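Okay, here's what each chain looks like letter by letter:
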Amino acid sequence: MVTLYIDDIQVSVEKGSTIFDAAQKVGVYIPTLCHHPELHTFGGCRVCMVEANGKLVTACRAPVTDGMVVRIDAEGARKVQRMVVELLLTKHNEDCQTCVKDSNCKLQEVANYVGITPERMAMLRRSVTEVEIDESNPFFNIDRTRCILCGICIRTCEEINGVTALDFGFRGEHTAVVTMGNKKLAESTCESCGECMERCPTGALARKNYERPNREVKSVCGYCGVGCGIHLGVRGDRVVSVRGDKDNPVNKGQLCVKGRFGYNFVNHPDRLTTPLIKRDGELVEASWDEALDLVASRFKEIIDESGPNALGGISSARCTTEDNYVFTRLIRSLGTNNLDHCARL
Amino acid sequence: MRIKLEPLRQEAVKNWQELQSFGQPIILVGAATCGRASGALDVMAAIGEKMKELEIDAIVRQTGCVGMCHSEVLVDIIKPGRPRITYAKITPELAKELVEDYLVHDNAREDLAICVQGETPDEDLQVRVVMRNCGHIDPNSITDYLAQDGYMGLAKALEMMPQEIIDEVKVSGLRGRGGGGFPAGRKWESCLQVESDQKYVICNADEGDPGAFMDRSVLEGDPHSVIEGMAIAGYAIGASKGILYVRAEYPLAIRQLKIAIEQAKERNLLGENILGSGFSFDLDIFQGAGAFVCGESTALVLSIEGKRGMPKPLPRPRTSEEGLWGKPTLLNNVKTFACVAQIIHRGPDWFKSIGTEKCPGTAVFALTGKVNKCGLIEVPMGIELDKIINEIGGGVAGGRAFKAVQTGGPSGGCLPADMLNLPVDIDSLTAAGSMMGSGGMVVMDDSTCMVDVARYFLEFSLEESCGQCAPCRVGTEQMLTILKDITQGKGREGDIDLLVEMGKAIIDGSICGLGQSAPNPVLSTIRYFRDEYEAHIRDKECPAKACKALITYTIDAEKCQACGRCLKACPTQAITGAKKTPHTIDSDKCDKCGICFSECPDRFAAVLITTGGTESSN
Ligand SMILES: Cc1cc2nc3c(=O)[nH]c(=O)nc-3n(C[C@H](O)[C@H](O)[C@H](O)COP(=O)(O)O)c2cc1C
Ligand code: SF4
Ligand code: SF4
Ligand code: SF4
Ligand code: SF4
Ligand code: SF4
Ligand code: FES
């Protein structure tokens, strides 16, 4: 263990911890923009600057040492922090109201902490680079006027999803998060998992048709056998969002494109709610009894005519494991082993 | 074990002496990139043609850049028993004349000569260590290099213990010539101390500063000196592999290096079991894609690994401990390596006798700008700025007044006239708010606007910023916007303080040397030329009359002789006038190109440039 002093508060942390970790342990706030607990540290935004043993260091990277004296609010550090945030704002879309991250935004949080004054902002020259929003992905957009180049999306794609669809491109004022060859997101290797969007500290990577839920329901994703834990965001009787359950040991909060974005079927008007039976070439609504009777009688006819191996069953990935199990019992009880699953087809 | 260099050397010396006493004239043509740009290859062809035509024999050889770029193409002729004569600004036609006049009619053509026997005209102020062979030997001839005591440093080193070599480098006081000035011996030692199955030696020849070309000249003119230095380093730290990181915009340097590496391999001065010592060392060339930031050590390593060149933030392992592919890597500049072979060969005390105590050795500068003689110079550390500019550089061009000298390129700063007595070394320049950097030195006269100069360098830094850290990326952009505003008369009260505050925050907050030094040109010009900033902001005046938005072109009706030259030349038809009627400029149409100003004959000097309340005529 290493013992250090953060604004005179003594704290002991494990060797190899950073100043940021230690500050968290004693509940001292340090502003951060590019730091993410699940990713490698990057150290690019420079807003976590603190003074350690008289030197300016980035708290998210600097390892603690024994007897270290850390001043979170040292003047030199504050000057860098404030300047960085002010400067980021000169390049940033001003319209928070239309942003999905409004009131839940890291940049707002940090700006609020460092203290932005209209007088100071009036001295600086604003220049938001005009770039079209990339709306090519069906589930989320990337609006570079709200991007602070924290690189979290890049590291997420590489470290969490293993896809590396994103990287920094260009240099200087043209630096941007881009795909290979600066193509649209939809034309890149992106798998639309949305992990980057989940971690983006600003509204740069933003869910399309975002609606904020008014309650959440804990559940398990029904798409495949992995069984990722999810929180369904519900508004009234509609499912309006899904987020991964961080406490679930299976997925630790991560989801794939289907689990995260494929929830529209729940409230979709085309969703089947009763069985349909084809009568005179037309599918018409029927009761469950009618439908089950029909299936049972046709099974019987087929078995009588051609034997049980003329039958087979294909189950669905959208059913729970229990449902699928019961289904296998059912089909085998008819005397056939012709069983398969749509996830294998 | 005896290192077997002697036979090679003796043969080379014999060759060299034969060459000098062959009874034939020797013609040397400076054919580095600067010479070639001025037509050196055409000159060589013309010489060949003329010799054939006249049926005379002479040895024609190409050589590297001596540094007198103001006088390219340079041709040296050594007639047997005569001193060596250097001819300047030779065209193919002049070359033909020269061959005929001197070689046939024995007319030495003093009208074309720039100096006789000696090194360069300002020989006594310059000391050649790094560039000792540039312009004298044929870079494609390893025997030329061997005859100049080449590879003697390596041969000697191979008989020493690695630690002994490092101690000599430490004693010599050699500091890195790539900008940082880090003691070379200490860096080598830390590489030696790390245990590893593989280590690398990398030569940094990225040279990205605008206007800097000393590394290129060394590689083009004396590639073996760098190769030898790298091999010594490899032996000293225990590395078997070296990489020359050369920017792809240096095709000639790359070619010369390739030839030199082949020749060294053929003679077992590179490769397996060098000179029977048991030490093996291979060299590869890696071509950089020309990003300035890739000259930074960690970015350079990433770029060799095929990744985006972005400097790694602190804390991080040192490159000397964990560099290329995670292995201990020694990175030094071209000139640093070029010094090493001679330090080993001639001993550290010799090196220490040059320059200052804290900065032994020489500094190589690319002297450019408004100075009479531009080019590469090599001077002992500690020489006064004044001597460089007024003696070696021949003073400010066009008889104008000296205003400032910019050193260190985009990382450096501008020093005013009252600092001309400053002894120049790595530390003194930093203390004065500038930098030695890689050795750019731009002289400015009174027609240069200091705000505009700061803007120019900042623009470069912004373009070359890798963009990963916010202070550098958005900070330099903001400073640049403010500077542009100031030069356009849109500066605001408070801007200067804002620039200073922001500059300091960028220096404190940035990850690498690029951001940490990008504000220097602005901060140093504010420090020494604050009144010029104030004039722009308060009086909307550019004292140097350089900022277009703040100047007006008018014609003095009394002086105008209605010759009509300006009217014809004006590209925007802003000038009206008739015979015997003084001309006038319509300021709405005037584009401020300044063509009328230069067209108006000096004896009339009727075109005036005014800014705020002042005016000047040509
Ligand atoms: C932005 C930046 C660009 C650099 N460019 C070069 C370069 O072109 N050549 C060079 O030798 N060093 C360059 N350096 C310095 C290198 O990082 C490194 O310090 C140097 O190559 C070490 O060699 P030395 O000890 O021999 O000077 C650069 C540094 C920075 C921060
Ligand atoms: S990301 Fe959105 S909410 Fe955050 S500051 Fe930008 S516009 Fe405002
Ligand atoms: S959605 Fe997933 S795959 Fe696509 S860029 Fe983001 S993290 Fe990478
Ligand atoms: S898109 Fe979001 S996560 Fe990616 S760099 Fe920009 S702000 Fe950071
Ligand atoms: S200081 Fe500039 S060049 Fe250096 S790492 Fe930061 S953004 Fe990149
Ligand atoms: S060039 Fe000079 S002298 Fe001639 S018309 Fe123009 S201002 Fe008059
Ligand atoms: S949070 Fe530490 S540098 Fe960004």
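Residues numbered from 1 in each chain as written. Chains lettered and ligands numbered in written order. Predicted model: local features only at pLDDT ≥ 70, side-chain atom pairs only at ≥ 80, totals over all residues. Heavy atoms only, no water.

**Focus: the sheet that holds strand β1 (residues 26–30) of chain B**
Residue and element names in this part refer to chain B. Selection rule: Any two strands with at least two DSSP bridges between them are considered paired. Secondary structure elements follow DSSP: runs of H or I no shorter than four residues count as helices, runs of E no shorter than two count as strands, and numbering proceeds from the N terminus. Lines fitted to the C-alpha atoms define the axes, with helices restricted to the stretch that makes contact. Angles between their N-to-C directions range from 0 to 180 degrees.
Read from one edge to the other, the open sheet built from five strands follows the order β2-β1-β3-β4-β5, with strand pairing classed as mixed. Both edges of this open sheet fall to β2 (59–63) and β5 (113–116), since each of them pairs with a single strand only. The mean angle between the axes of side-by-side strands here comes to 20°, regardless of whether they run parallel or antiparallel. Relative to β2, β1 runs parallel, the two sharing five bridges. Across the sheet, I27 pairs through a bridge with V60, a residue of β2.

**Side note on unusual backbone geometry**
Residue and element names in this part refer to chain B. Here the amide bond leading from E72 into V73 is cis, since omega sits at -5°, within 30 degrees of zero. Note that V73 resides in the loop between β2 and β3 (75–78). L314 connects to P315 through a cis peptide bond whose omega is -10°. Positive phi outside glycine occurs at R109, with the angle close to 50°. At K545, a position not held by glycine, the phi torsion is positive, near 55°.

**Focus on the sheet that holds strand β6 (residues 200–205) of chain B**
Residues and elements named next belong to chain B. As summarised here, the arrangement of the four strands in space is β8-β7-β6-β9, forming an open sheet in which the pairing is parallel. A strand with exactly one partner marks an edge of an open sheet, and here the two such strands are β8 (282–288) and β9 (329–333). Direction aside, neighbouring strands of the sheet carry axes that sit 20° apart on average. Strand direction decides the pairing type here: β6 and β9, joined by five bridges, are parallel. Within β9, the residue paired with C203 across the bridge is N332.

**As for the pattern of salt bridges**
This is how it is decided: What counts as a salt bridge is simple: a side-chain nitrogen of Lys or Arg found within 4 Å of a carboxyl oxygen of Asp or Glu. Relative accessibility decides the category of a residue: with a 1.4 Å probe and only protein chains considered, values under 20% of the type maximum give buried, values over 50% give exposed, and everything between is partly exposed.
Applying the stated criterion to the full structure yields 59 salt bridges over all chains. The closest approach of N and O atoms between R71 of chain A and D8 of chain A, which form a salt bridge, is 3.2 Å. In this pair, R71 of chain A is assigned in strand β5 (residues 69–71) and D8 of chain A in the loop between β1 (2–6) and β2 (9–13), connecting sequence segments 63 residues apart. Residue R71 of chain A is classed as partly exposed on the basis of its relative accessible area of 32%. Given a relative accessible area of 59%, D8 of chain A falls into the exposed group. Close ionic contact of K370 of chain B with D445 of chain B constitutes a salt bridge, the shortest N to O distance being 3.5 Å. With K370 of chain B in the loop between β10 (362–369) and β11 (375–380) and D445 of chain B in strand β14 (residues 440–445), this pair connects stretches of sequence that are 75 residues apart. Given a relative accessible area of 2%, D445 of chain B falls into the buried group. Each of the salt bridges in this network shares a partner with another, and the network as a whole consists of E38, E195, E198, R199, R207 and R260 of chain A.

**What to know about the interface of chain B and chain A**
For clarity, the threshold we go by: Contact criterion: two residues are considered in contact whenever any of their non-hydrogen atoms come within 4.5 Å of each other. Accessible surface is computed with a 1.4 Å probe, and the buried area is the amount of it that two parts give up when combined, taken over both parts together. Whenever two N or O atoms come within 3.5 Å, that pair is a polar contact, provided that in protein one can donate a hydrogen and the other can accept it, and provided that, for residues adjacent in sequence, both atoms are side-chain atoms. Each residue is assigned to one of three groups, with Ala, Val, Leu, Ile, Met, Phe, Trp, Tyr, Cys and Pro labelled nonpolar, Asp, Glu, Lys and Arg labelled charged, and all others, Gly among them, labelled polar.
If you look at the interface, chain B gives 40 residues, while chain A gives 35 residues. Each partner contributes to the roughly 2,900 Å² buried at the junction of chain B and chain A, and carbon and sulfur atoms together form 57% of this total. Looking at the side of chain B facing chain A, the largest losses of area belong to R308, R473 and Q478 of chain B, adding up to 18% of the total buried there. Linking chain B to chain A there are five salt bridges. Linking chain B with chain A are 16 residue pairs in polar contact (both at pLDDT 80 or more), by the criterion used here. Put simply, the parts of the chain that give the side of chain B that touches chain A at least two residues each are α17 (450–464), α18 (470–487) and α19 (495–509) of chain B. Residues belonging to the side of chain B that touches chain A are distributed by class as follows: 17 nonpolar, 11 polar and 12 charged.

**Re the site of ligand 5**
To keep things clear, this is the line we draw: Proximity is defined per residue: any heavy atom of the residue falling within 4 Å of a molecule or strand makes that residue near it.
Not every one of the 13 residues close to ligand 5 is listed here, only the nearest: C466, C469, C472, C512 and G515 of chain B. For the shell around ligand 5, the class distribution of residues is eight nonpolar, five polar and no charged.

**Section: the packing of aromatic side chains**
Short version of the rule: Pairing of aromatic side chains here covers Phe, Tyr and the six-membered ring of Trp, requires ring centres within 6.5 Å, and sorts the geometry by plane angle: under 30 degrees stacked, over 60 edge-to-face, intermediate tilted. Charge over a ring is defined by NZ of Lys or CZ of Arg lying within 6 Å of the ring centre and within 35 degrees of the ring normal.
A full pass over the atoms with the stated rule returns 12 aromatic pairs over all chains. Relative to F457 of chain B, the ring of Y456 of chain B lies with its centre 5.0 Å away and its plane at 75°, an arrangement referred to as edge-to-face. On the basis of relative accessibility, which here comes to 43%, the residue Y456 of chain B falls in the partly exposed class. Here F457 of chain B falls in the buried class, since its relative accessible area comes to 5%. A connected cluster of aromatic rings, assembled from ring pairs, spans F139, F140 and F261 of chain A. Taking the ring centre of Y102 of chain B as reference, the NZ or CZ of K79 of chain B above it sits at 4.6 Å. Over the ring of Y250 of chain B we find R216 of chain B; its NZ or CZ atom is 5.9 Å from the centre of that ring.

**Focus: the nonpolar core**
Note the threshold: Side-chain atoms within 4.5 Å are what join buried Ala, Val, Leu, Ile, Met, Phe, Trp, Tyr and Cys residues into a set we call a nonpolar core.
Membership of the largest hydrophobic core comes to 87 residues, with the highest contact counts inside it found for L499, M502, V522 and Y533 of chain B. Among all residues touching V522 of chain B, those that are not within four sequence positions of it are A454, L458, M479, L483, L499 and Y533 of chain B.

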